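Spelled out from the first residue to the last, the chains are:
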Amino acid sequence: MSRFFTERLSKLEAYTPGEQPKDMKYIKLNTNESPFAPSESVIAAAEREAHRLMLYSDPECTPLVSAFSELYGIDKSELIMTNGSDEVLNFAFMAFSDTSRPIVFPDITYGFYPVFARLNGIPYEEIPLSEDFSVNPEDYIGIGKNIVIANPNAPTGIALSLADIERIVASNPDNVVIIDEAYVDFGAESAVALVPKYPNLLVTGTFSKSRSLAGARLGFGIAQRELIADLNTIKYSTNPYNVNRMTMAAGEAAIRDNAYYMNNCKTVMENREYTRDRLCALGFRVLPSVANFLFAESPDVDGEKLYLELRRRGILIRHFSKERIKNFNRITVGTRAEMDALLAQIENILKGN
Ligand code: PMP
């Protein structure tokens, strides 16, 4: 650290992204990316746009916003596009929370929430998940603080029902409730339908998972126009050109190819159930995930050991050292072949081979 780093930020503990090692070819099941390449039309659109990279991108993301608002049946004023959903989440922390408006979220959830809170000097409280690792909606009813909940939650994959989300939003009318739907396309119910009813609801989402664009960085926020206007104030005060030209073109083409992506989601969901059954047959406890990953622990092998053994054998999964979940691993659902390779290696490790 330099002696110039401000006092306020010098104690910041940054988010640790999943590892991207280059020493050998791994089966990557550690960062919840899609195992499927973008569709041909998405690749062609990004390539075409590369010829116009000497020009700044459109800050209003006009064609992308048009295509997206049509697909989701919302007004253009209810939408903001961002550089990954991490960006809209950070904008929301900045815009709606401060020392007098703290924020709450589960103790086991997306690791970026406490980082955004500390980055922006926001007091936060972590509410423990239930024994079974689900979010207990009663903990959030009428809490009178801003709330962020990933639905489905990460790394557990467990989702709340839309009815419970609505009770949380309705019971906190003077606070902003952010529902982070990064993984919603793999089987949970979206809260977008509640947006017209609740001025305090912000739903965020991403093209990184279900739409195979993690490397392009494209996220979005959906809310009533007043909340979106506030988020735009933050965007235009930091980086109006936050979505680059190639990403914008790729995102628009991905929306037009929606059927291809939704079909890939179906395949991932089938592979998830297949993998869950096989892991259960091997004695694992697997949480009931509706995301593109599974969170699982074995009574026979320590969580960290399993992670390290698989890594040595060319398969990356994600291990978290937090006390409550240190015997678990988060496994991204890939292709059937990737899942079979994973299961074969797990069988070997359990047999001591
Ligand atoms: N929310 C959750 C719960 C996530 O797991 C992730 C992925 N790391 C994100 C948001 C952010 O994804 P992205 O910035 O790629 O849209």
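Residues numbered from 1 in each chain as written. Predicted model: local features only at pLDDT ≥ 70, side-chain atom pairs only at ≥ 80, totals over all residues. Heavy atoms only, no water.

Visitor: So, the pattern of salt bridges: which residues are in play, and what are the values?
Guide: Across all of its chains, the model carries 21 salt bridges by this definition. Between Glu138 and Arg167 there is a salt bridge, with the nearest N and O atoms lying 2.9 Å from each other. Of this pair, Glu138 sits in the loop between strand S4 (124-127) and strand S5 (146-150) while Arg167 sits in helix H6 (residues 162-170); the two residues are 29 residues apart in sequence, bridging distant segments of the chain. With a shortest N-O distance of 3.1 Å, Glu309 and Arg313 are connected by a salt bridge. One salt-bridge network, held together by shared partners, links Glu49, Arg52 and Arg245. (Salt bridge = Lys/Arg side-chain N within 4 Å of Asp/Glu carboxyl O. Helix = DSSP H or I, 4+ residues; strand = E, 2+ residues; numbered from the N terminus.)

Visitor: Tell me about the site of the ligand, and name the residues and values.
Guide: The environment of the ligand is made up of Gly84, Ser85, Asp86, Leu89, Tyr110, Asp180, Ala182, Tyr183, Thr206, Ser208, Lys209 and Arg217. One of the side-chain N or O atoms of Tyr110 is found 3.2 Å from a nitrogen atom in the ligand. Ser208 has a polar side-chain atom sitting 2.6 Å from an oxygen atom of the ligand. Burial of the ligand by the surrounding chains reaches 91%, relative to a free accessible area of 400 Å². Broken down by element, the shell around the ligand gets its largest block of residues, four residues, from helix H4 (residues 84-96). In the shell around the ligand, the residues fall into four nonpolar, four polar and four charged. (Near = heavy atom within 4 Å. Polar contact = N/O pair within 3.5 Å; in protein donor to acceptor, adjacent residues only side chain to side chain. Areas by Shrake-Rupley, 256 points an atom, 1.4 Å probe, with all protein chains shown as cover. Nonpolar A, V, L, I, M, F, W, Y, C, P; charged D, E, K, R; others polar.)

Visitor: Would you mind going over helix H3 (residues 62-72) in detail, with residue names and values included?
Guide: Note: α-helices contain 3.6 residues per turn, so residues at a spacing of three or four share the same orientation. Buried residues of H3: Leu64, Val65, Ala67, Phe68 and Ser69, and no others. Residues of H3 that are buried sit in contact with strand S2 (79-82), strand S8 (219-222) and helix H8 (245-256). Positive backbone phi, approximately 65°, marks Gly73, located one or two places after H3. (Buried < 20%, exposed > 50% of the residue type's maximum accessible area, 1.4 Å probe, protein only. Contact = heavy atoms within 4.5 Å.)

Visitor: Explain the packing of helix H10 (residues 303-312) against helix H11 (residues 336-351) to me, and be specific about the residues and the numbers.
Guide: It is at 10 Å that the axes of H10 and H11 come closest, and there the two elements cross at 120°. With respect to each other, H10 and H11 are oriented oblique. The two elements H10 and H11 meet at a crossing, and its hand is right-handed. Residue-level inspection shows Leu306, Glu309 and Leu310 of H10 in contact with H11, the latter providing Leu342, Gln345, Ile346 and Ile349. Split by residue class, the contact of H10 with H11 holds five nonpolar, one polar and one charged. (Axes fitted to C-alpha atoms, helices over the stretch in contact; angles between N-to-C directions. Parallel < 35°, antiparallel > 145°, perpendicular 65-115°, else oblique. Left-handed = near helix turned anticlockwise from the far one by under 90°.)

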